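# Descriptive structure summary
Spelled out from the first residue to the last, the chains are:
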Amino acid sequence: MSSAPRAKAALPYAALPYYEQTAPGTGCLPPRTGYARTDAARLPLSGGWRFRLAPRADAHDDSFADPAYDSGDWDRIEVPGHWVLQGHGAPAYTNTPYPFPLDPPRVPDENPTGDHLRVFTLPADWPAGGESVLRFEGVDSCARVWLNGVELGEFKGSRLPHEFAVGGLLRTGRNVLAVRVHQWSAGSYLEDQDQWWLPGIFREVNLWHRPDGTAADHFVHASWDHERDEGTLRVESTVPGRVRVPELGLDLATGESATLPVEPWSAESPRLYAGELATGGERVGLRVGFRTVAVEGGLLKANGRRVLFRGVNRHEFHPETGRALDHETMRADLLLMKRHNINAVRTSHYPPHPAFLDLCDELGLWVIDECDLETHGFHAVGWRGNPVTEERWTPALLDRIARTVERDKNHPSVIVWSLGNECGTGAGLSAMADWARRRDPGRPLHYEGDRSCADTDLYSRMYADHEEVGRIGRGEDRDGPPARAELPFLLCEYGHAMGNGPGGLAEYQRLFETYPRCQGGFVWEWIDHGLADPRFGFAYGGDFGEVLHDGNFVCDGLVLPDRTPSPGLDDYKRVIAPVRIEAGESTGTVRIRNLHDVLDLGHLTFSWAYEAEGEELSGGRLEVPPLEPGEQAEVKLPPAPGTPRPGGESYWTVRAVLSEPADWAPRGHEIAWGQVQDTARRSPAPATGTAPRSADGGLLLGPGVLDARTGELVSVGGVPVRGPRVEVWRAPTDNDNGAPWLPETELARRWRALGLDRMRHRVDAVESADGAVVVRGRLAPDASDLALATELRWTSDGERLTVAVRVTPEGEWRLPLPRLGLGLALPRTMGGVRWFGAGPGESYPDTGGGARLGRWQREVDALQTRYVRPQENGARAGVRWAELTDGDRALRITGDPEFWFTARRWSTAELDAARHLTDLVPGDSVWVNLDHGQHGIGSASCGPGVLPAHRLRVARARFAFTFEVLRG
Ligand code: GAL
């Protein structure tokens with residue numbers, strides 16, 4: 001508890017306006033279960049509403065709530081929606097800083113306030129009798145509500161439902177609903193999540209009928225006993241009624257329990273039983289999933305088995321509508337997740353739209369449901385005044401956890417409650433935990449911000465590095481209280497997916513698979529929150545003129561804002577695949593491991609293909625035993641067809657696909673793959689034998705013309721070329737930039753300080769000798785005696801041209817290089833690319849698990865990954881050869897050894913200078929990088945940097961490329 005003085009409001013509490021009071025609100029009904037499938041009448045109030053924006057909370061009196069008020073000159077706005085995304089005011093982004101003075105619970109006078117009006121006609125057949133309730137699923141951040149001129153009350157808690165009883169106020173025919181929404185309220189102090197500040201009525205508003213005698217609330221308890229293979233169902237209800245589950249032949253009284261053989265619910269096998277609860281004049285549809293979640297023997301178990309989270313953190317986001325999400329978007333998120341082997345979602349950092357949880361129940365995702373609570377910005381003042389430490393806020397905190405638990409308690413997918421995110425520690429959190437434990441002993445509690453784990457059942461961390469996770473796994477983390485050592489461990493956030501990356505996911509996964517206590521994690525995060533904006537492509541912090549902002553830190557997802565999967569998602573899919581396919585011990589065998597929690601392999605069909613140089617020679621079905629979870633087998637692969645081509649590279653590709661359509665993917669959807677080498681690549685022979693000749697200030701060498709002064713190529717086989725030169729710079733990724741609050745992570749800043757972004761090139765000699773042209777030079781930063789001495793040795797056999805490169809470092813280099821290789825420019829017409837190497841997507845040393853060896857073809861434009869803030873992207877790894885073509889001729893580049901290939905329509909300097917996608921304008925060249933080395937990506941934008949194995953240390957290097965122009 002903080003003993004620091006409490007911030008004082010200048011006014012006595014009671015004199016504060018409602019929106020500045022810490023109390024959660026007045027007039028609302030008690031929280032209850034949400035979105036029930038009732039057959040009671042409903043009137044949706046979504047659609048066009050009348051709207052007026054004021055710059056202050058007190059700009060207008062409340063006369064607009066009078067049903068006779070004439071709002072004829074007001075604008076119209078879509079509800080659900082945010083007014084700042086509909087032409088009124090502007091969005092603003094901050095990560096942790098509150099965009100107003102820290103003076104809780106007071107807010108500034110500049111408090112954008114949106115008055116909303118909705119005139120509706122009560123349907124003529126609206127049932128008489130009973131009650132009617134007006135339910136708001138989400139209003140950011142504080143609403144005051146009137147119906148037909150009568151004030152109903154006000155509430156805070158943006159991502160939580162609120163209901164008012166309105167039966168007595170409804171009129172036949174015309175009704176007028178008035179809602180005043182303040183952007184800032186005392187509640188804003190509890191909602192400092194890292195996201196855009198987006199005020200408005202952003203979830204649905206409905207009028208529901210509540211027939212006489214119906215249950216105000218019900219609680220479905222459906223457990224599963226894994227030792228007896230039996231489920232037990234009991235439904236509590238506020239009024240007695242009947243519970244029926246026809247498929248199970250159940251017809252019970254509420255409160256009564258029945259135990260019987262059933263199939264359990266799990267993320268892998270989301271078995272739901274349809275049922276109903278009948279009370280009074282209402283039937284409420286139930287979807288019963290039997291499962292038991294418990295912490296036992298230091299492990300989090302579902303149905304008696306250890307759970308391994310292959311998770312993501314999901315904010316609700318749409319690039320046009322912000323946090324107002326339609327059902328198709330929610331479904332699209334879940335289908336994409338399931339298709340990428342993701343089995344868990346943490347609803348960071350608030351309860352999602354309730355329909356999202358329905359979909360999780362149906363499609364199968366483990367959910368950590370997080371309360372709408374974050375007070376991170378108080379860290380800026382040493383956590384002084386942090387609401388969770390001050391009693392006056394406790395009613396608001398309890399209200400929030402109650403609204404979370406009560407709304408979502410009937411979802412089988414929800415297996416853990418999370419108290420909130422980044423609120424420090426304090427008695428308020430303990431009060432929330434006590435309440436949640438009492439109300440729902442069936443779900444463990446999560447909260448990351450308290451290392452003592454006093455109020456939680458799980459030890460959770462964010463961004464712990466691999467080394468620390470290993471220590472925790474081995475039980476060597478002795479810095480915490482002894483009780484913590486007995487708790488299951490998870491990374492509620494890891495793998496910061498900002499821009500290019502994250503790197504290092506595979507190494508985390510090995511730790512989760514090695515140490516039972518390490519039960520996986522949740523990548524940060526699902527989607528980039530870039531707002532669609534024609535000025536920029538996608539906008540991020542600062543683009544709306546915000547003075548205080550956190551730039552593109554809001555774009556850190558596995559999918560781009562328009563939900564295009566980024567290469568990071570493909571990488572994650574492979575890393576977390578529930579089947580591992582890798583070379584077996586003996587030649588010509590493949591090892592298959594079933595890493596599912598529950599399913600055997602019976603639902604998958606395995607196939608093999610034998611490929612030589614990327615061409616499939618034969619293939620067929622592979623018989624794999626239906627291994628149980630945890631089992632593995634070594635399976636013999638069919639022999640190579642015929643005799644492999646000498647020197648050629650050949651391998652088997654083994655794939656596991658769905659045998660039958662699933663609810664989330666068609667039959668044939670690929671779950672896992674692996675490749676097993678048969679014959680290895682032999683180093684390509686350099687082109688030698690033809691001597692250089694001088695002509696017109698140039699040097700002719702086979703198909704190549706070199707500039708006698710610079711030693712650079714002028715053309716090869718008639719294709720104009722600029723370069724190649726040895727290059728080391730890449731446009732820093734967000735992970736190269738590191739985290740501004742941890743200077744030691746800011747690698748790109750140190751690269752620039754050293755001058756790696758503006759290396760000086762010098763040519764010392766261009767010599768013809770021994771049938772070669774040898775170009776000696778030096779590459780060095782200003783103001784330093786560090787250098788890379790370079791030698792490019794050009795040879796030819798008359799048809800082909802080889803350049804053998806040697807790089808020798810001079811001086812004491814202390815930083816890794818961004819990249820090391822050759823850069824050259826070709827005419828813009830050379831825009832088609834084919835390559836044999838990893839693909840089709842991008843890879844860096846510690847990413848790209850989703851890329852496989854094969855022969856691929858793409859246009860240069862399609863090789864780009866459109867990260868919201870432009871940065872290094874699009875490298876293809878393990879490339880044996882690549883061709884660039886204009887349709888008539890192709891320049892083939894063969895590497896010795898394999899290399900990283902990148903081609904784009906702008907230079908590295910242009911990419912580096914760009915701030916938004918719209919800054920990238922195709923020029924006259926195709927810029928090509930042929931890299932011998934790339935520095936890894938890591939996760940230092942918020943997490944660990946590049947692991948030692950993936951750093952590009954400065955060292956002597958030798959590599960070669962052979963160029964050849966093919967026609968026709
Ligand atoms: C965490 C936080 C997230 C997000 C992330 C960085 O500290 O919980 O909300 O800010 O860092 O992107």
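- The name an unreviewed UniProt entry gives the chain is Beta-galactosidase, with Streptomyces physcomitrii as the organism.
- Quoted verbatim from the Sequence similarities (unreviewed entry) heading of the UniProt record, the comment on the chain is "Belongs to the glycosyl hydrolase 2 family."
- On record in UniProt, under Catalytic activity (unreviewed entry), the comment for the chain is "Hydrolysis of terminal non-reducing beta-D-galactose residues in beta-D-galactosides."

## Focus: the site of the ligand
- Lining the immediate surroundings of the ligand are 13 residues, of which Asp194, His349, Glu422, Glu493 and His496 lie closest.
- One of the side-chain N or O atoms of histidine 496 is found 2.7 Å from an oxygen atom in the ligand.
- In isolation the ligand exposes 310 Å². Once the protein is present, 95% of that is buried.
- Counted by class, the shell around the ligand contains 5 nonpolar, 4 polar and 4 charged residues.

## Re the pattern of salt bridges
- If you walk through the whole model with that rule in mind, you get 81 salt bridges.
- Across the pair glutamate 468 and arginine 461 runs a salt bridge, and its minimum N-O distance is 2.3 Å. Taken individually, glutamate 468 and arginine 461 each receive the classification buried, so the pair is uniform in this respect.
- One salt bridge connects arginine 471 with glutamate 467, and the closest N-O pair in it is separated by 3.1 Å. With a gap of 4 residues between them, arginine 471 and glutamate 467 both fall in helix H5 (residues 466-473), about one helical turn apart.

## Focus: the environment of alanine 877
- Along the polypeptide, alanine 877 turns up in strand S56 (residues 876-885).
- Spatially, the C-alpha atom of alanine 877 lies 31 Å from that of serine 659, the residues being 218 residues apart in sequence.
- Setting aside residues up to four positions removed in sequence, alanine 877 forms contacts with Gly837, Ala838, Ser843, Phe899 and Trp900.

## Notes on the packing of helix H1 (residues 327-339) against helix H2 (residues 354-363)
- In contact at an axis separation of 10 Å, H1 and H2 are set at 35 degrees when each is read in the N-to-C sense. Both H1 and H2 take part in a crossing whose hand is right-handed. Taken together, the residues of H2 that come into contact with H1 (itself represented by His327, Met330, Arg331, Leu334, Leu335 and Lys338) are Ala355, Phe356, Leu359, Cys360, Glu362 and Leu363.
- Partitioning the contact of H1 with H2 into residue classes produces 8 nonpolar, 1 polar and 3 charged.

## Some words on the sheet that holds strand S26 (residues 305-306)
- Pairing in this open sheet of 3 strands is antiparallel, and the strands run S24-S25-S26 from one edge to the other. Of all the strands in the sheet, just strand S24 (293-296) and S26 have a single pairing partner and so form its edges.
- Relative to strand S25 (residues 299-302), S24 runs antiparallel, the two sharing 4 bridges. Counterpart to valine 295 in the pairing with S25 is leucine 300.

## Topic: the UniProt feature "domain: Beta galactosidase small chain/" (unreviewed entry) in the chain
- Cross-referencing UniProt, the feature "domain: Beta galactosidase small chain/" (unreviewed entry) maps to residues 704-964 in the present numbering.
- End-to-end, the C-alpha atoms of residues 704-964 are 9 Å apart, and along that stretch the chain is 7% helix and 48% strand.

## Some remarks on the domain arrangement of the chain
- The domain architecture assigned to the chain consists of domain 1 (8-210), domain 2 (218-294), domain 3 (307-466 + 492-508 + 521-573), domain 4 (577-679) and domain 5 (693-967).
- Between the C-alpha centres of domain 1 and domain 2 the distance comes to 35 Å.
- Of the residues lining the interface, 7 residues belong to domain 1; the matching set on domain 2 comes to 7 residues.
- Contact between domain 1 and domain 2 buries roughly 570 Å² in total, counting both sides, with carbon and sulfur atoms accounting for 39%.
- Three residues, Thr33, Arg37 and Asp39, lead the burial of domain 1 against domain 2; their summed loss comes to 73% of the area buried on that side.

## What about the packing of aromatic side chains?
- Taken as a whole and assessed by the stated rule, the structure comprises 32 aromatic pairs.
- Both rings, one in tyrosine 18 and one in tyrosine 19, keep their centres 5.3 Å apart while their planes meet at 90 degrees; by these two values the pair is edge-to-face. There is no split in this pair, since tyrosine 18 and tyrosine 19 are both buried.
- Between phenylalanine 899 and phenylalanine 961, the ring centres sit 5.1 Å apart and the planes meet at 85 degrees, which makes this aromatic pair edge-to-face. Within this pair, whereas phenylalanine 899 is found in strand S57 (residues 889-904), its partner phenylalanine 961 is found in strand S59 (residues 957-967), the two being separated by 62 residues in sequence.
- A residue is classified by how much of its surface remains accessible, and phenylalanine 899, at 1% relative accessible area, is buried.
- Positioned above the aromatic ring of tyrosine 459, the side-chain terminus of arginine 484 is 4.0 Å from the ring centre.
- When the ring centre of tryptophan 881 is taken as reference, the NZ or CZ atom of arginine 892 above it lies at 3.9 Å.

## Some thoughts on H1
- Its 13 residues place the ends of H1 18 Å apart at the C-alpha level, agreeing with the 18 Å of an ideal helix rising 1.5 Å per residue.
- Three or more residues of H1 are buried, namely Thr329, Met330, Asp333, Leu334, Leu335, Leu336, Met337 and Lys338.
- Buried residues along H1 sit against strand S27 (309-313), strand S28 (344-346) and H2.
- At the N-terminal end of H1, a side-chain oxygen is found 3.1 Å from the backbone nitrogen of glutamate 328, two or three residues along, and the residue is aspartate 326.
- Just past H1, the residue asparagine 341 takes up positive phi, approximately 65 degrees.

## With respect to the packing of H5 against helix H6 (residues 505-514)
- Running from N to C, H5 and H6 point in directions that differ by 5 degrees, and their axes come no closer than 10 Å. In terms of orientation, H5 and H6 fall into the roughly parallel class. Residues His466, Val469 and Gly470 of H5 touch H6, and the partners they reach there are Glu507, Tyr508, Leu511 and Phe512.
- Residue composition of the contact of H5 with H6, grouped by class: 4 nonpolar, 2 polar and 1 charged.

## Thoughts on the side chain of serine 71
- With respect to the helices, strands and loops of the structure, serine 71 is situated in the loop between strand S4 (47-56) and strand S5 (75-79).
- Setting aside chain neighbours within four positions, we find serine 71 in contact with Arg50 and Leu117.

## Structural notes on H2
- With 9 of 10 residues buried, H2 is to be regarded as a mostly interior element.
- Within H2, the full set of buried residues consists of Pro354, Ala355, Phe356, Leu357, Asp358, Leu359, Cys360, Asp361 and Leu363.
- The positive-phi residue at the C-terminal boundary of H2 is glycine 364, with phi of around 95 degrees.

## Regarding the side chain of histidine 218
- Looking at the secondary structure, you find histidine 218 in strand S17 (residues 218-225).
- The class of histidine 218 is buried, set by a relative accessible area of 7%.
- The contacts of histidine 218, once residues within four sequence positions are left out, are Thr33, Val235, Glu236, Ser237, Leu277, Val284, Leu286, Lys409 and Asn410.

## Quick notes on the pairing of strand S18 (residues 230-237)
- Pairing analysis gives 8 bridges linking S17 to S18, with the strands arranged antiparallel. Note that in S18 the partner of phenylalanine 219 across the bridge is glutamate 236.
- Taking the residues between adjacent antiparallel strands as the criterion, S17 and S18 are bridged by 4 residues, where aspartate 229 takes a positive phi near 55 degrees.
- The sheet contact formed by S18 and strand S21 (residues 257-261) spans 5 bridges and is antiparallel. Paired with glycine 231 across the two strands is leucine 260, which belongs to S21.

Conventions and cut-offs
Residues numbered from 1 in each chain as written. Predicted model: local features only at pLDDT ≥ 70, side-chain atom pairs only at ≥ 80, totals over all residues. Heavy atoms only, no water. UniProt positions renumbered as here; feature names shortened; annotations may be inferred. Near = heavy atom within 4 Å. Polar contact = N/O pair within 3.5 Å; in protein donor to acceptor, adjacent residues only side chain to side chain. Areas by Shrake-Rupley, 256 points an atom, 1.4 Å probe, with all protein chains shown as cover. Nonpolar A, V, L, I, M, F, W, Y, C, P; charged D, E, K, R; others polar. Salt bridge = Lys/Arg side-chain N within 4 Å of Asp/Glu carboxyl O. Buried < 20%, exposed > 50% of the residue type's maximum accessible area, 1.4 Å probe, protein only. Helix = DSSP H or I, 4+ residues; strand = E, 2+ residues; numbered from the N terminus. Contact = heavy atoms within 4.5 Å. Axes fitted to C-alpha atoms, helices over the stretch in contact; angles between N-to-C directions. Left-handed = near helix turned anticlockwise from the far one by under 90°. Pairing = 2+ DSSP bridges. Domains from an automatic or database assignment. Buried area = accessible area lost by both parts, 1.4 Å probe. Phe/Tyr/Trp six-rings, centres within 6.5 Å; stacked < 30°, edge-to-face > 60°. Lys NZ or Arg CZ within 6 Å of the ring centre and 35° of its normal. Expected span 1.5 Å × (residues − 1). Parallel < 35°, antiparallel > 145°, perpendicular 65-115°, else oblique.

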